[in-house]
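# Tertiary structure, described
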Amino acid sequence: MEIVVFGAGALGSLVGGMLAREHQVTLVARDPHARRIAGQGLRVVGDLDAHTRPRATTDPTSADLTCDLALVTVKAYDTATAAESLATGDPALVCALSNGLTEETLAERLGDRVIAGSATYGAELVGPGEVRCTGVGRIHVGEFADARLAEDGDAASDRAERVAAAFRECGLACEADPRMSRRRWEKLAVNAGINAVTALARVPNGALADEPGRAVAHRAAREAARVARVEGVALSDEEAVDAVDTVVAETAANRSSMRRDVESGSRTEVDAITGAVVDRGRDRGVDTPTNRTMADLLRTWERDHNGG
Ligand SMILES: NC(=O)C1=CN([C@@H]2O[C@H](COP(=O)(O)OP(=O)(O)OC[C@H]3O[C@@H](n4cnc5c(N)ncnc54)[C@H](O)[C@@H]3O)[C@@H](O)[C@H]2O)C=CC1
Ligand SMILES: CC(C)(CO)C(=O)C(=O)O
């Protein structure tokens, strides 16, 4: 497959570096990372091990955007810009692995070439040309609009199966999911539960195995599940809470991405995660007080820290 990874920071470099084992991969990244990869290749260290030589560029227009698959791995707030760039080419399929419900933004510009993705791998950039896998997770891909699901709703689409097979060929755990619309919301509930609480309390994910953090994370996840249900997605409170507990246990030592953003003084994905639960809840008449309070606190920090 010819694959373009748009926004090769931590996650994009991990996934792109592994995919380059078997596929023709171009990473759209920033310097000095892009320059180092172009010169010396990309090293994947930690829980995965690879040294591959994908192409790398800082200029999306120099990448061949008429590819089989464009993977979007920018932060959620850069999704619209990524969509604009990708629309200058003609990728056959576009799949976002970012957190947050970013597929709608991509689909506005790129139509039904967009499929949904989610990743629970952990990735951290070590330095230019090197990325560390901090946790082997799983990637799911699939149709996100029910109208595009297979008739019986049980089989994943052929195109999602093709993408999943391409990932697996390279040693990445990946499944095509026939219920991706539900998985997106489950991941949103997990991120709403874990990211905001760990960022505000400055604790590792594992701290949410105990009270009182556990109860706050559960409340945030239940609110997300409630919003999902009024949007027609079958995600029960229990399923959302169980998903939080599972990810807390599996990633106990992790610093969540939002905690890392806060600690490095970077912009967070509050609008795409906690804020998205609040906004969609408000649109549908569902009150989300826990998420609202946490979104307000995170935005207060962002405004003070980054000048608004
Ligand atoms: N890092 C992780 O372990 C995981 C991250 N995620 C999600 O994946 C997304 C990406 O996360 P990270 O990789 O950690 O963030 P990151 O900030 O390391 O990577 C995003 C990269 O995109 C680049 N970028 C943005 N616009 C660009 C453009 N126009 N041209 C070239 N490069 C551009 C940025 O410079 C940055 O290097 C987020 O939504 C995050 O929540 C999800 C699961 C795990
Ligand atoms: C799964 C989890 C919560 C892992 O830390 C994550 O997606 C993140 O940190 O953004």
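Residues numbered from 1 in each chain as written. Chains lettered and ligands numbered in written order. Predicted model: local features only at pLDDT ≥ 70, side-chain atom pairs only at ≥ 80, totals over all residues.

So, on to the site of ligand 1. G7, G9, L11, S98 and N99 are the nearest of the 24 residues found near ligand 1. At the level of secondary structure, the elements contributing two or more residues to the shell around ligand 1 comprise α1 (10-19) and β9 (122-127). Partitioned by chemical class, the residues of the shell around ligand 1 number eleven nonpolar, nine polar and four charged. (Near = placed C-beta within 6 Å. Helix = DSSP H or I, 4+ residues; strand = E, 2+ residues; numbered from the N terminus. Nonpolar A, V, L, I, M, F, W, Y, C, P; charged D, E, K, R; others polar.)

Before going further, it helps to spend a moment on unusual backbone geometry. With an omega dihedral of 5 degrees, the bond running from D31 to P32 counts as a cis peptide bond. Tracing the sequence through the fold places P32 in the loop between β2 (24-28) and α2 (33-40). Cis geometry marks the peptide bond from E211 to P212; its omega dihedral reads 5 degrees. With respect to the element layout, P212 can be found in the loop between α6 (180-201) and α7 (213-230). The residue R202 is not glycine, and still its phi comes out positive at about 55 degrees. By the C-beta count within 10 Å, which is 11 here, R202 ends up exposed. (Buried ≥ 20, exposed ≤ 12 C-beta atoms within 10 Å, placed from the backbone.)

The next subject is the sheet that holds strand β11 (residues 139-142). To summarise the sheet geometry, strands pair through backbone hydrogen bonds and adopt either a parallel or an antiparallel arrangement. With respect to topology, eight strands assemble into an open sheet ordered β5-β2-β1-β6-β7-β8-β11-β12, the strand pairing being mixed. The sheet terminates laterally at β5 (55-57) and β12 (174-176), the two strands that pair on one side only. Strand-to-strand twist of the sheet, defined as the mean angle between neighbouring strand axes without regard to direction, takes the value 20 degrees. Alignment of strand β6 (residues 69-72) against strand β7 (residues 94-96), held across three bridges, turns out to be parallel. For A70, the partnering residue across the bridge sits in β7 and is V94. Across the sheet, α2 lies against β2 and β5, angled at about 155 degrees from β5, the strand it touches most. (Pairing = 2+ DSSP bridges. Axes fitted to C-alpha atoms, helices over the stretch in contact; angles between N-to-C directions. Contact = placed C-beta atoms within 7 Å.)

We now examine helix α11 (residues 289-306). With 18 residues, α11 extends 25 Å between its outermost C-alpha atoms, agreeing within 8% with the 26 Å of an ideal straight helix rising 1.5 Å per residue. The complete set of buried residues in α11 reads T290, N291, M294, A295 and L298. Take α11 and look down its axis: the buried residues cluster within an arc of 120 degrees, on one side only. Projecting away from the buried face of α11 at angles above 90 degrees are the exposed residues P289, T300, R303 and D304. Where α11 is buried, its residues meet α6, α7 and α10 (274-283). (Expected span 1.5 Å × (residues − 1). Arc of directions from axis to C-beta.)

If you check α6, its first and last C-alpha atoms are 31 Å apart, about what 22 residues at 1.5 Å a residue would give, namely 32 Å. At N191, α6 shows its strongest bend, of approximately 25 degrees. Judged by how many residues are buried, α6 sits mostly within the fold: 19 of 22 residues are covered. Among the residues trailing α6, R202 stands out with phi positive, at a value near 55 degrees. (Bend = angle between axes of the 7 residues up to and from the residue.)

Where a protein is soluble and globular, its nonpolar side chains tend to be buried together. Core analysis: the largest hydrophobic core is formed by 58 residues, its most contacted members being V5, F6, L14, L71, C95 and V141. Element by element, the count of residues in this core is highest for α1, at six residues. In this structure, L188, A220, A221 and L298 belong to the second largest nonpolar core, which totals 37 residues. (Core = buried A, V, L, I, M, F, W, Y, C linked by C-beta atoms within 7 Å.)

Quick look at the domain arrangement of the protein now. The domain boundaries assigned to the protein delineate domain 1 (2-178) and domain 2 (181-306). Placing a centre on the C-alpha atoms of domain 1 and another on those of domain 2 gives a separation of 23 Å. Listed as interface residues are 17 residues of domain 1 and, on the opposing side, 15 residues of domain 2. Elements represented by at least two residues in the side of domain 1 that touches domain 2 include exactly β8 (114-119) and β10 (130-135). Looking at side-chain class alone, the side of domain 1 that touches domain 2 contains five nonpolar, nine polar and three charged residues. (Domains from an automatic or database assignment.)

With that settled, consider the sheet that holds strand β4 (residues 50-52). Taken in spatial order, the four strands line up as β4-β3-β10-β9 in an open sheet, and their pairing is mixed. Single-partner strands in this sheet number two, and they are β4 and β9. Neighbour-to-neighbour, the strand axes of the sheet open up by a mean angle of 20 degrees, direction not taken into account. Pairing of strand β3 (residues 42-46) with β10, which is carried by four bridges, proceeds in the parallel orientation. Bridge pairing links V45 to R132 in β10. Packed onto the sheet, α1 meets β3, β4, β9 and β10 and runs at close to 95 degrees relative to β9.

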